[in-house]
Amino acid sequence: MTSRLPPLPALRDFIHMYRLRAKKILSQNYLMDMNITRKIAKHAKVAQNDWVIEIGPGPGGITRAILEAGAARLDVVEIDNRFIPPLQHLAEAADSRMHIHHQDALRTEIGDIWKHEPARPSSINWHDSRLPAMHVIGNLPFNIASPLIIKYLRDMSYRRGVWQYGRVPLTLTFQLEVAKRLCSPIACDTRSRISIMAQYVAEPKMVFQISGSCFVPRPQVDVGVVRFEPRKTPLINVPFEVLEKLCRQVFHYRQKFVKKGLKTLYPEELEDVLADELLKKCRIDPTTTSIRLGIEQFADLAQGYYEQCERHPGLFLYDYTNKQHVLEQLALEPNALPPRMPQFETPPPETEDGKWNLRDFNII
Ligand SMILES: C[S@@+](CC[C@H](N)C(=O)[O-])C[C@H]1O[C@@H](n2cnc3c(N)ncnc32)[C@H](O)[C@@H]1O
């Protein structure tokens, strides 16, 4: 079922009416084809009465599609003041369903937007198979897509922001190369830090691709639309920041033996001992490469590295590019130990015999 909007000027006319020339500095590439914007809303699974936050609505192509799909409430976050009048035009047509936030998405705590809204859809327990009737959607500017997805994955891992309400799905666009990395399976050239960070806490799926020629102005690259469904239980049990640091160093030398990247986690005097200890404990061949490591091996590495950081205060703060870094001094810093793992309620057993295995997830 769709919700009709009263007659509005066509998107193209909107652009002319409000003189909306794309600004390169804000990576503005508009989607003018309503068939594509409706396809995004459909793949995001927006249903009648759902609540949605849209990042970077611009002239409002996806915004219209979300309203047409029947969203009961739509909050849009847009940084460029030139879009506010056309968005207000749309909001008036949407019969108080739409709310505009003229601000920077990178500085916006999207979880706060609905905090004091009593009519908000019910929260749903993370272990429930159902998802809350809420969505985050955006055709993101390429220049903020990466920091924003990292922020959202971190919030998801801590079940904060909109994820305090349950496993709210995210549907975002990325340049195709980044979309492929997010969804990359093991042993592919596209496998990278972001593949692990996205896949341990969510199930990212590239739902369709959009040719660059569908955007105005046309970007140099094609685009992938990725839908992230948060996992009931993350596949790796260490704080987000610890995994992020481990992955950054492990993927530092993609073509080299994994040990070379791992060594950059430690000060020179400890690098061989601690890298060997970790590899041995995780039963990982030191001559393998990072792209050949499965999520299960990352889970072991992350757990082992976390324990090392607890045993050697200051290690978590160590940065091999900073020549001033000395472990004894870092150990005196207030945050010398890694962050604590957030405590969530124990998940119910996944199978009849109460056991579950990472191999049940087909991404290893
Ligand atoms: C690629 S355009 C997409 C516009 C529209 N969603 C569409 O599909 O046609 C990205 C939009 O994000 C906005 N934007 C850029 N940086 C932003 C930020 N930090 N916070 C919020 N919006 C931002 C731009 O002004 C622009 O409207």
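Residues numbered from 1 in each chain as written. Predicted model: local features only at pLDDT ≥ 70, side-chain atom pairs only at ≥ 80, totals over all residues. Heavy atoms only, no water.

**What about helix 9 (residues 240-250)?**
And step 1. Counting buried positions along helix 9 yields 9 of 11 residues, so the element is predominantly enclosed.
And step 2. Looking at the buried side of helix 9, the elements it contacts are helix 6 (142-157), helix 8 (193-201), helix 10 (258-263) and helix 12 (295-311). (Buried < 20%, exposed > 50% of the residue type's maximum accessible area, 1.4 Å probe, protein only. Helix = DSSP H or I, 4+ residues; strand = E, 2+ residues; numbered from the N terminus. Contact = heavy atoms within 4.5 Å.)

**A look at the domain arrangement of the chain**
And step 1. Its domain assignment divides the chain into domain 1 (11-230) and domain 2 (240-330).
And step 2. Computed over C-alpha atoms only, the centres of domain 1 and domain 2 are separated by 34 Å.
And step 3. Of the residues lining the interface, 16 residues belong to domain 1; the matching set on domain 2 comes to 14 residues.
And step 4. In total, about 1500 Å² of surface goes out of reach between domain 1 and domain 2, with carbon and sulfur atoms giving 65% of it.
And step 5. Close ionic contact of Glu241 with Arg154 constitutes a salt bridge, the shortest N to O distance being 3.6 Å.
And step 6. For the interface between domain 1 and domain 2, the tally reads 6 residue pairs in polar contact (both at pLDDT 80 or more).
And step 7. Counting residues per element, the ones that place at least two in the side of domain 1 that touches domain 2 are helix 6 and helix 8.
And step 8. Ranked by the residues each element gives to the side of domain 1 that touches domain 2, the list is headed by helix 8, at 5 residues. (Domains from an automatic or database assignment. Buried area = accessible area lost by both parts, 1.4 Å probe. Salt bridge = Lys/Arg side-chain N within 4 Å of Asp/Glu carboxyl O. Polar contact = N/O pair within 3.5 Å; in protein donor to acceptor, adjacent residues only side chain to side chain.)

**Thoughts on the site of the ligand**
And step 1. In the vicinity of the ligand, 22 residues are found, and the nearest of them are Leu31, Gly56, Glu78, Asp104 and Asn139.
And step 2. Taking Pro57, its main chain carries an N or O atom lying 3.3 Å from a nitrogen atom of the ligand.
And step 3. Considering the ligand on its own, with 600 Å² of exposed area, one finds that the protein chains cover 98% of that surface.
And step 4. At the level of secondary structure, the elements contributing two or more residues to the shell around the ligand comprise strand 1 (30-31) and strand 3 (73-78).
And step 5. Residues of the shell around the ligand, tallied by class, amount to 11 nonpolar, 7 polar and 4 charged. (Near = heavy atom within 4 Å. Areas by Shrake-Rupley, 256 points an atom, 1.4 Å probe, with all protein chains shown as cover. Nonpolar A, V, L, I, M, F, W, Y, C, P; charged D, E, K, R; others polar.)

**Overview of the UniProt feature "domain: Ribosomal RNA adenine methylase transferase N-terminal" (unreviewed entry) in the chain**
And step 1. Residues annotated in UniProt with the feature "domain: Ribosomal RNA adenine methylase transferase N-terminal" (unreviewed entry) correspond here to residues 36-232.
And step 2. Across residues 36-232, helical content stands at 31% and strand content at 23%; the span's end C-alpha atoms are separated by 30 Å. (UniProt positions renumbered as here; feature names shortened; annotations may be inferred.)

**A closer look at the UniProt feature "binding site: S-adenosyl-L-methionine" (unreviewed entry) in the chain**
And step 1. Mapped onto this structure's residue numbering, the UniProt feature "binding site: S-adenosyl-L-methionine" (unreviewed entry) falls at Asn29, Leu31, Gly56, Glu78, Asp104 and Asn139.
And step 2. Along the chain, Glu78 turns up in strand 3.
And step 3. Aside from chain neighbours lying at most four places away, what touches Glu78 is Gly56, Pro57, Gly58, Phe83, Leu87, His101, His102 and Gln103.
And step 4. Among the structural elements, Asp104 can be located in the loop between strand 4 (98-102) and helix 5 (110-113).

**Side note on the sheet that holds strand 4**
And step 1. Read from one edge of the open sheet, 7 strands run 4-3-2-5-6-9-7, paired in mixed fashion. Each edge of the sheet is formed by a strand with only one pairing partner; in this case those strands are strand 4 and strand 7 (202-210). The mean inter-strand angle of the sheet, taken between neighbouring strand axes irrespective of direction, is 20°.
And step 2. Two elements, strand 2 (residues 51-55) and strand 3, share 5 bridges in a ladder whose sense is parallel. Bridged to Trp51 within strand 3 is Arg73.
And step 3. Most of the contacts of helix 4 (residues 84-93) go to strand 4, to which it runs at about 165°, and overall it touches strand 3 and strand 4. (Pairing = 2+ DSSP bridges. Axes fitted to C-alpha atoms, helices over the stretch in contact; angles between N-to-C directions.)

**With respect to empty space enclosed by the protein**
And step 1. This structure, assessed with the given rule, holds 1 cavity of 30 Å³ or more.
And step 2. Considered as a void within the structure, the largest cavity measures approximately 50 Å³ in volume.
And step 3. Ser157, Tyr158, Tyr200, Pro234, Ile236, Val238, Pro239, Phe240, Met341, Pro342 and Phe344 are the residues that line the largest cavity.
And step 4. Counted by class, the lining of the largest cavity contains 10 nonpolar, 1 polar and no charged residues. (1 Å grid on protein atoms, 1.4 Å probe; cavity = no way out; pocket = protein on both sides within 12 Å on 5 of 7 lines; lining within 4 Å. Points joined across faces, edges and corners; volume = space filled by probe spheres on them.)

**What about the nonpolar core?**
Generally speaking, a soluble globular protein has its nonpolar side chains buried in company with each other.
And step 1. Grouped together as the largest cluster of nonpolar side chains are 73 residues, with contacts concentrated most on Ile55, Phe174, Phe228, Ile236, Leu243, Leu246 and Tyr305.
And step 2. The residue makeup of this core includes at least three contributed by each of domain 1 (11-230) and domain 2 (240-330).
And step 3. Those residues within four positions of Phe228 in sequence are excluded, and the remaining contacts are Ile149, Leu153, Pro169, Leu170, Phe174, Leu182, Ala198, Ala202, Glu203 and Pro204.
And step 4. In this structure, Leu5, Ile62, Ala94 and Met98 belong to the second largest nonpolar core, which totals 34 residues. (Core = buried A, V, L, I, M, F, W, Y, C linked by side-chain atoms within 4.5 Å.)

**Points about the pairing of strand 4**
And step 1. Where strand 3 and strand 4 come together, 5 bridges link them in parallel fashion. If you follow Val76 over to strand 4, its bridge partner there is Ile100.
And step 2. Running through helix 4, the crossover from strand 3 to the neighbouring parallel element strand 4 is right-handed. (Right-handed = clockwise from strand over helix to strand, strands pointing away.)

**As for the packing of aromatic side chains**
And step 1. Under the counting rule described, the total for this entry stands at 6 aromatic pairs.
And step 2. Ring plane angle 80° and centroid distance 5.5 Å describe the contact between Trp51 and Trp114, whose orientation is recorded as edge-to-face. Taken together, the residues span a long stretch of sequence, with Trp51 in strand 2 and Trp114 in the loop between helix 5 and strand 5 (134-138) at a distance of 63 residues.
And step 3. The buried category is assigned to Trp114, whose relative accessible area is 1%.
And step 4. Consider the rings of Tyr152 and Trp163, whose centres lie 5.8 Å apart with planes at 50°: the pair is tilted. Here Trp163 lies in the loop between helix 6 and strand 6 (170-175) and Tyr152 lies in helix 6, a separation of 11 residues in the sequence. (Phe/Tyr/Trp six-rings, centres within 6.5 Å; stacked < 30°, edge-to-face > 60°.)

**Observations regarding the confidence of the model for the chain**
And step 1. Of all residues in the chain, 94% attain a pLDDT of 70 or more, and the chain-wide mean is 92.
And step 2. For residues 359-364, every residue scores under 50 in pLDDT, and the model assigns this stretch 14 contacts once sequence neighbours within four places are set aside.
And step 3. Across the predicted assembly, pTM comes out at 0.91 and ipTM at 0.99. (pLDDT = per-residue confidence, 0-100.)

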